[in-house]
Amino acid sequence: MKQFVLSLIGISLLSAVASFMTYKVVGAPDRSVACAQENLPEYFVCLTTVREWPEDEILWVDARPRKDWDKDGVEGSVLVNDQEDWLDLEFGFMSKMTDELKPRVVVYCNQSGCGSSKYVAEQLRQRHAETFGFQVFVLEGGIKALLEEK
Amino acid sequence: MKLSKIFASALFFSIAAASAEMVFESRLVEITVKPGQKVVTGNFPFEIKKGSATVVSYDAKCTCLAARLEPLNPDRSVKLVWKEGEAGRVMTQFDTSQFLGTVEKAIELNLEGQKEPTILTVRIQVPELIKMEPSSLKWDKGGEAGEKVMKITINHDKPIRIIKHRGNNDKIFPYKLVTIRDGWEYEIRVSPTDLRQSGMGMISVTTDCEFPRFQRAAAYAVIRPSLKRAPVLTQ
């Protein structure tokens, strides 16, 4: 039993040293959200694609709960989610869009596959995209993609 | 020798867990919501085809969707360990009160030993009893003024009447609500007074619909600056 424990400690130490050396040589792991634009469904967009657009042409829409938006929403974003009264939130969006007209709306929620951003994007597209002439996209990876980028 | 038996057993059980198969009849449930229906139920029946499966977590990621594994254990606790040959279901309840049109929400089910979660999707269709077309009226800044009309159509088996209406920017967007067929068809006719500045007005209507979801509706009148259209994404 003593020999077993000693062997286990030895193996653990060797593994730790090897991991440290790998980290020093290769660097930190890449935690960015993997995204290939060509593989995404219609209206979905990678953060790398969004970063190619002029920043002043984008209106960010946060589809998360209000407390999350208050905590770390994108600066200048407007809150439109599917948990609060739609008419109240829609009014906020319309006001923002009328004040500063943007050709691209990018909707994000907590992560990829989040139904809220898809729903909000579809509602904005159906109800107002033609009026204002903007396009609506869903950010692949959601807020995680933005936080990983930082 | 004893130790090697322990290792062998641990290896065997981890392999067994990794190869457990929880097979669902379908991973997508589609439901059409009736007008007065607030909560709908969707079921995902499954069977354990191979090995035993231990449910680590199941998470809806939306406060609107609740999930439950059934049947429960005899002591009414949640049954998380499922043996080969057993069958059950993931029962979901979807609060649809905030939604209109088509909505999808998903449940993530994680099994012990499985790298990727199993995704179960509930897709609901909420009919729009009150349709406003278009939902926004637009004029271009500096362009030609003129009356534009929005049609309100009732898609229900009984009439829904507009009992109140209000515009929040009557100075720039005066409007008239015209009854075409009481309870079935209306028009909102808007004639902006000044197109020199961009601006927006909201016209909200209140109805006598018995369902809270359809007791309020809103439309918009917008004077917008001309916009150079963004290039279309090629995918």
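Before reading further, recall that the structure is shown in the block above.
I will try to describe carefully the structure that is included in this document. (Residues numbered from 1 in each chain as written. Chains lettered and ligands numbered in written order. Predicted model: local features only at pLDDT ≥ 70, side-chain atom pairs only at ≥ 80, totals over all residues. Heavy atoms only, no water.)

### Focus on the overall build of chain B
Here is step 1: Check the secondary structure of chain B and you find one helix and 17 strands.
Here is step 2: Once local pairs closer than 6 in sequence are excluded, the contacts in chain B between residues at least 24 apart make up 66%.
Here is step 3: As presented, chain B carries roughly 13300 Å² of accessible surface, and 52% of it is formed by carbon and sulfur atoms. (Helix = DSSP H or I, 4+ residues; strand = E, 2+ residues; numbered from the N terminus. Contact = heavy atoms within 4.5 Å. Areas by Shrake-Rupley, 256 points an atom, 1.4 Å probe, with all protein chains shown as cover.)

### Thoughts on the sheet that holds strand β14 (residues 175-181) of chain B
All names here are of chain B.
Here is step 1: Sheet architecture is open: four strands sit in the order β10-β12-β15-β14, paired in antiparallel fashion. Looking at which strands have only one partner, the edges of the open sheet turn out to be β10 (130-133) and β14. Sheet twist, expressed as the mean angle between neighbouring strand axes with direction ignored, is 20 degrees.
Here is step 2: Bridging between β14 and strand β15 (residues 185-190) involves six bridges; their strand directions are antiparallel. Looking at the pairing, L177 lines up with I188 of β15. (Pairing = 2+ DSSP bridges. Axes fitted to C-alpha atoms, helices over the stretch in contact; angles between N-to-C directions.)

### Things to note about the interface of chain B and chain A
Here is step 1: The interface is formed by 37 residues belonging to chain B together with 40 residues belonging to chain A.
Here is step 2: Taken over both partners, the interface formed by chain B and chain A buries close to 3100 Å², and the fraction arising from carbon and sulfur atoms is 55%.
Here is step 3: Linking chain B with chain A are four salt bridges, by the criterion used here.
Here is step 4: Of the charged contacts, one joins D85 of chain A and R216 of chain B as a salt bridge, the two residues approaching to 3.3 Å between their closest N and O atoms.
Here is step 5: Of all the secondary structure elements, the ones that give two or more residues to the side of chain B that touches chain A are α1 (2-18), β8 (101-111), β11 (136-140), β16 (199-207) and β17 (216-224) of chain B.
Here is step 6: Looking at the side of chain B that touches chain A element by element, the count peaks at seven residues for β17 of chain B. (Buried area = accessible area lost by both parts, 1.4 Å probe. Salt bridge = Lys/Arg side-chain N within 4 Å of Asp/Glu carboxyl O.)

### Points about helix α1 (residues 2-26) of chain A
Here is step 1: With 25 residues, α1 of chain A extends 36 Å between its outermost C-alpha atoms, agreeing within 8% with the 36 Å of an ideal straight helix rising 1.5 Å per residue.
Here is step 2: With its phi angle positive at about 100 degrees, G27 of chain A sits one or two positions after the end of α1 of chain A. (Expected span 1.5 Å × (residues − 1).)

### Observations regarding the sheet that holds β16 of chain B
Here is step 1: One open sheet accounts for four strands, arranged β11-β17-β16-β13 (chain B); its pairing is mixed. Strands at the two margins of the open sheet, each flanked by one partner only, are β11 and β13 (162-167) of chain B. For this sheet, the mean angle separating the axes of adjacent strands, direction not counted, is 15 degrees.
Here is step 2: Both β13 of chain B and β16 of chain B contribute to a ladder of five bridges, which runs antiparallel. Each residue of the ladder has a partner; that of R166 of chain B, found in β16 of chain B, is S204 of chain B.
Here is step 3: Against the sheet, helix α4 (residues 86-99) of chain A contacts β11, β16 and β17 of chain B, and its axis sits at roughly 0 degrees relative to β17 of chain B.
Here is step 4: Against the sheet, helix α5 (residues 115-132) of chain A contacts β11 and β17 of chain B, and its axis sits at roughly 15 degrees relative to β17 of chain B.

### Thoughts on the environment of G141 of chain A
Residue and element names in this part refer to chain A.
Here is step 1: Structurally, the position occupied by G141 is in the loop between β5 (135-139) and α6 (142-149).
Here is step 2: Since its relative accessible area comes to 3%, G141 is described here as buried.
Here is step 3: Between the alpha carbons of G141 and F44 there is a distance of 9.9 Å; along the sequence they are 97 residues apart. (Buried < 20%, exposed > 50% of the residue type's maximum accessible area, 1.4 Å probe, protein only.)

### Some remarks on the pairing of strand β3 (residues 39-50) of chain B
All names here are of chain B.
Here is step 1: Judged from the four bridges that link them, strand β1 (residues 21-24) and β3 form a sheet pairing that is antiparallel. Looking at β3, one finds that F24 is bridged to F46.
Here is step 2: Here nine bridges tie β3 to strand β7 (residues 87-95), and the two strands are oriented antiparallel to one another. Paired with T41 across the bridge in β7 is Q93.

### Concerning the environment of G199 of chain B
Here is step 1: Within the secondary structure, G199 of chain B is located in strand β16.
Here is step 2: On the basis of relative accessibility, which here comes to 18%, the residue G199 of chain B falls in the buried class.
Here is step 3: Taking the C-alpha atoms as reference points, G199 of chain B and V122 of chain B, 77 residues apart in sequence, are found 39 Å from one another.
Here is step 4: Those residues within four positions of G199 of chain B in sequence are excluded, and the remaining contacts are T98 of chain A together with F173, A221, V222 and I223 of chain B.

### Describing the packing of α4 of chain A against α5 of chain A
All names here are of chain A.
Here is step 1: Look at α4 against α5: their axes get within 12 Å of each other, and the N-to-C directions meet at 40 degrees. When the interaxial angle is binned, α4 and α5 end up oblique. Helix-helix and strand crossings are classified by hand; for α4 and α5 the assignment is right-handed. Counting all contacts with α4, which are made through W86, E90, F93, M94, M97 and T98, the residues of α5 involved are V120, Q123, L124, R127, H128 and F132. (Parallel < 35°, antiparallel > 145°, perpendicular 65-115°, else oblique. Left-handed = near helix turned anticlockwise from the far one by under 90°.)

### Points about a nonpolar patch on the surface
Residue and element names in this part refer to chain A.
Here is step 1: Taken together, the side chains of M1, V5, I9 and L13 define a hydrophobic patch exposed on the protein surface, amounting to about 420 Å² of accessible area.
Here is step 2: As for its placement among the helices and strands, I9 is situated in helix α1.
Here is step 3: Using a relative accessible area of 46% as the deciding quantity, one classes I9 as partly exposed. (Patch = residues over 30% accessible without salt bridge, like charges linked within 9 Å, V, L, I, M, F, W, Y side chains within 5 Å.)

### Some thoughts on the state of the cysteines
Residue and element names in this part refer to chain B.
Here is step 1: Considering all chains together, one arrives at two disulfides over all chains under this definition.
Here is step 2: Across the disulfide, C62 is cross-linked to C64 (sulfur-sulfur distance 2.1 Å). Judged by the torsion about the S-S bond (120 degrees), the C62/C64 disulfide is right-handed. (Disulfide = S-S within 2.5 Å.)

Structural measurements only, silent on function.
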